[in-house]
Amino acid sequence: MYSKFAVATLALLFSSIGVSAQETVSQSTTVATSQSGWNASDWNLEDSEFEPEEGWHFGQLDNGLRYVIRPNERPEGTALVRMYIATGSLDETEEERGFAHFVEHMAFNGSTNVPEGEMVKLLEREGLAFGADTNASTGFDQTQYKLDLPRADSELLDTALMLMRETVSELTFDPAAVERERGVILSERRSRNNYSFKNTLDSFDFLYPEGRISTRIPIGTVDTLNAATAAGLRAFWEREYLPSDTVVVVVGDFTVEEAEERIIRHFADWQRSGTSKKVDAGTIDPMRTGETDIYVDPALTETLTLARHGSFIDRPDTLDERHKALLRSIGARILNRRLQTLVRSEDAPFRGVQIGVSDFFEAGRTAELSVASEDGQWRPAIMAAVREYRTALQYGFSEAEVAEQMANLRTAYENAERNAATRRNAAFLRDVELIVEGDRVPAGPTVNLANFERFAAGVTPEAVLAAFREDAIPLDEPLIRFAGKSAPEGGEAELREAVQSAFAQPISPYDQSEQQNFAYTDFGPSGEVIEDRRIESIGARAITFANRVRLNLKPTDLADNNVLISVAIDGGQALETRDNPNAVALASLLPAGGLGEHSRDELQSILAGRAVRAAFSAGDDAFQASASTTPDDLELQLQLLTAYIVDPGYRAEGLGPWRKSLPDFYAKLGKTPASALNEARYPLLTDNDPRFVRQPIEEYSQLDYDQLSRNISDRLQNGAIEIGVVGDIDEARVIELVSRTFGALPQRETDWRDYDDGRRQLPFTTDRGVHVVTHEGEADQAMVRLIWPTVDDDDWREVSALNLLARVVQLELTEKLREELGQTYSASVSSSPSSRFDDFGTFEMGVSVDVDQVSAARAAMGEVLRRLRKQPVSDDVLQRARQPVLQSLDNRFKSNSGWLQVVARAQSQPKEVERILQARTRYESYTAEDLQELAMRFLDPAGAVDIRVLPRDAPEAATER
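Residues numbered from 1 in each chain as written. Predicted model: local features only at pLDDT ≥ 70, side-chain atom pairs only at ≥ 80, totals over all residues. Heavy atoms only, no water.

- Taking an unreviewed UniProt entry as the reference, the protein chain is identified by name as Insulinase family protein belonging to Parapontixanthobacter aurantiacus.
- As stated in UniProt under Cofactor (unreviewed entry), the record for the protein chain gives "Zn(2+)". (UniProt positions renumbered as here; feature names shortened; annotations may be inferred.)

Pasting the structure below:
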């Protein structure tokens, strides 16, 4: 079925396909009469054979506004409030381009009962951080307003719904406020205008010349934004913001009665006449063939795309259609699995592939085959991708391939059903969006699992192939689009000939290797527990095994059927020295090299249907392995993580995709101001310390697994290990399983090494003048960044105070630049104390501006600094900076991930436990005078490293201090 609200997906990225295997009313006359309020026709879902699971409540007011309420206690004492307006950029006229997004911005700039600039401040005082908890977005056919409530109290819900009502009926559109916000929106547009944005626009133009999306990009055009008036914006708002096109959602720790009464009170008297319209996305021509487009930019990844259009299919939400969707999904997953195998090979024919069919609103469907390659290698890439696609269509899929995908899906559905009682608010919000978009009815995990089992007997290779073929749009005589750094030799004719050759090449059935059994189940005699104690302050249990492996346990009831694991091993980035700066550069690719007995690709099949994974990274002083699993799969998960420690495969194929990506990665460096800044910042701050300088591509190309093994093998074999396990666990069972895996390893070092041979020293540069960094992006784009040296993370009070000071500076700088000058889309302020280097830390403040505004922006930054150093900030500013931090701390332990942060290193870093537990007390204790003293101590305007990121031929004034 078509949804008016649905945003078209233009390509299906198969590498991301997959279901995780882990996962009485006062005005009764306005409310629907059924017990839950569910009426399918209210949601364009009258052809659905399903009903929402128990617990939802729906309603519709006499004015047409609809609402959804879902009581939920995870995270406890919190809630999400959303408002969806069925309008977006496709509803704009030619002269209104960008108005939908402009109106969204004006929602924060004055209404009848909330003066300009006060909405965000009001929410900050309540503990909502702008951006993280308070936000909005505009798409082609929907505008969404978002408030994440850190407390589920009645007054805060009242405030949230009052602000939503102000947005739809009370905006003032003061001309002066419009003028100020115009600069902010133009700044946002300027910041987004890069090589990727332009490539997307060209793709829209080529693929959908009769569609309207390329001329209705939500950000608008410079001309229409400059021409926008308060009257014009108000006219758009009054025409498009209608009660019948509005949905209000409350998900969280409120009763239905409490939330419903407030929704009715705030919205029942909203009246505005108008007619809901069907979105006009334009048309697409299924008969359009044989055209070619070549788009060149020096920063682009070489990509060849084949596309054809087809007629739209209105799919009802029925049991039969869900069965067909399952079959189509399995076919897509299997094809993706085959392509993954190729991508993971040492000499892969391509860097990535996208193949799929997607709806273009209600206008039609588009099939795309898109392949990314190394520069100049588009021909072998398209040959390989087309061969796999044709092989799937011609010969179908094997029973083993279907069984692997069915195992993955069954586990996902089973785990979702086991976790149903402790789903978090965000999970329900995703269900709401399915309803709001008119997509399908979320029947709930229990029904989903039952339907899956009902379908299972009919999921055969033959049925999967039939569904896969039925959904396919033939790619004969396709539209061809090439994007890359330079045009292909032979141009359009060469591209067309290569594609024809790809479809003419001989193909044969897919050859699948036989599945093995997991080889890592016995690591020797179980380890003996030599210490078992409680850490009362966090309700955790601390275990030490005879081999000195440490284990920290924390059972919770926050998420049923979920277990989080963290493994820390001494080393990490501490192994990097000035003489060996790339010692652990490849550490995150350790899992890609597989195990000694199994390749990564073999492991994927062996572990099918099991909720296990392996991620590996290098932190400041430790290698980190992490996983999210279930109680049933905990043993296998621990075996897998242990196997990567004792027998990493270091197979060369694991570096194939990374090595092929290097030229493209280097080609993008400096092509945007942000990229140029990232490359230059730390070399400038550290006087080109080799650990922070990007090495030449030739040096990176020489890195291999042999080098990584030489650098980390000693740590993997001997380094101190500390394991954190949090979630739905039985303590005795976890201890037993760890004793058989990590506890069975040979003797380890007891403690983390100090690495006090000088590598922890990192002097901050003494060159504090203006540093000009050149970027190769758009000529009107610039950045200004001021950076000061601060401290490492040893002094808890000082570190927290600097973090609070950063939030204060963020508020003051944002108001100065955004509200007073209308210069920039957002300011960036941060404090970063180092845990890796002694006495090293940074405090940064920066802005992205038009190149002609650099001097004014720098002056504004200086004025903010001088004011902060001259006098304490107001109590209101301090509260607005502090309250979101306090609310975040109050909610810290309402998730397993929050507990894991404190449990993971509780034995080796006991002071960190104390630091975390005392954080709220510290933040409550700081005064405005404390922050002024810090500003005087650290933020001397003359003592900053002043970085100006400018285009070539920038005006001389942009470089003045």
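### Brief notes about the sheet that holds strand β9 (residues 352-360)
Thought 1: Spatial ordering of the open sheet is given by β7-β11-β8-β10-β9, a layout of 5 strands whose pairing is mixed. At either margin of the open sheet sits one strand with a lone partner, and together these are β7 (292-296) and β9. Here the average twist between neighbouring strands, direction ignored, is 15°.
Thought 2: Relative to strand β11 (residues 479-484), β7 runs parallel, the two sharing 5 bridges. Each residue of the ladder has a partner; that of Thr292, found in β11, is Ile480.
Thought 3: Along the sheet, helix α5 (residues 195-207) contacts β7, β8 (302-310), β10 (364-373) and β11; its crossing angle with β11, the most-contacted strand, is approximately 165°.
Thought 4: Most of the contacts of helix α15 (residues 491-504) go to β7, to which it runs at about 120°, and overall it touches β7, β8 and β11. (Pairing = 2+ DSSP bridges. Helix = DSSP H or I, 4+ residues; strand = E, 2+ residues; numbered from the N terminus. Axes fitted to C-alpha atoms, helices over the stretch in contact; angles between N-to-C directions. Contact = heavy atoms within 4.5 Å.)

### Structural notes on the pairing of β8
Thought 1: Where burial is concerned, most of β8 is hidden: 8 out of the 9 residues are buried.
Thought 2: Note that β8 and β11 share 5 bridges and pair antiparallel. Note that in β11 the partner of Ala307 across the bridge is Leu479. (Buried < 20%, exposed > 50% of the residue type's maximum accessible area, 1.4 Å probe, protein only.)

### Topic: the packing of helix α1 (residues 99-106) against helix α4 (residues 175-192)
Thought 1: At a closest axis distance of 10 Å, the pairing of α1 and α4 adopts a crossing angle of 120°. Taken as axis vectors, α1 and α4 run oblique relative to one another. Read as a crossing pair, α1 and α4 show a hand that is right-handed. Residues His101, Phe102, His105 and Met106 of α1 pack against Ala177, Val178, Glu181, Arg182, Val184, Ile185 and Glu188 of α4.
Thought 2: Grouping the amino acids of the contact of α1 with α4 by side-chain chemistry returns 6 nonpolar, 2 polar and 3 charged. (Parallel < 35°, antiparallel > 145°, perpendicular 65-115°, else oblique. Left-handed = near helix turned anticlockwise from the far one by under 90°. Nonpolar A, V, L, I, M, F, W, Y, C, P; charged D, E, K, R; others polar.)

### With respect to the UniProt feature "coiled-coil region" (unreviewed entry) in the protein chain
Thought 1: When the UniProt feature table is mapped onto this chain, "coiled-coil region" (unreviewed entry) is found at residues 399-426.
Thought 2: The distance from the first to the last C-alpha atom of residues 399-426 is 36 Å, and the span holds 79% helix and 0% strand.

### Structural notes on helix α25 (residues 875-890)
Thought 1: Compared with an ideal rise of 1.5 Å per residue, which puts 16 residues at 22 Å, α25 spans 21 Å between its outermost C-alpha atoms and is within 8% of the ideal.
Thought 2: Along its length, α25 reaches its greatest deviation from straightness, about 30°, at Arg882, and the proline Pro884 lies no more than four positions downstream.
Thought 3: The complete set of buried residues in α25 reads Val877, Leu878, Arg880, Ala881, Arg882, Gln883, Pro884, Val885, Leu886, Gln887 and Leu889. (Expected span 1.5 Å × (residues − 1). Bend = angle between axes of the 7 residues up to and from the residue.)

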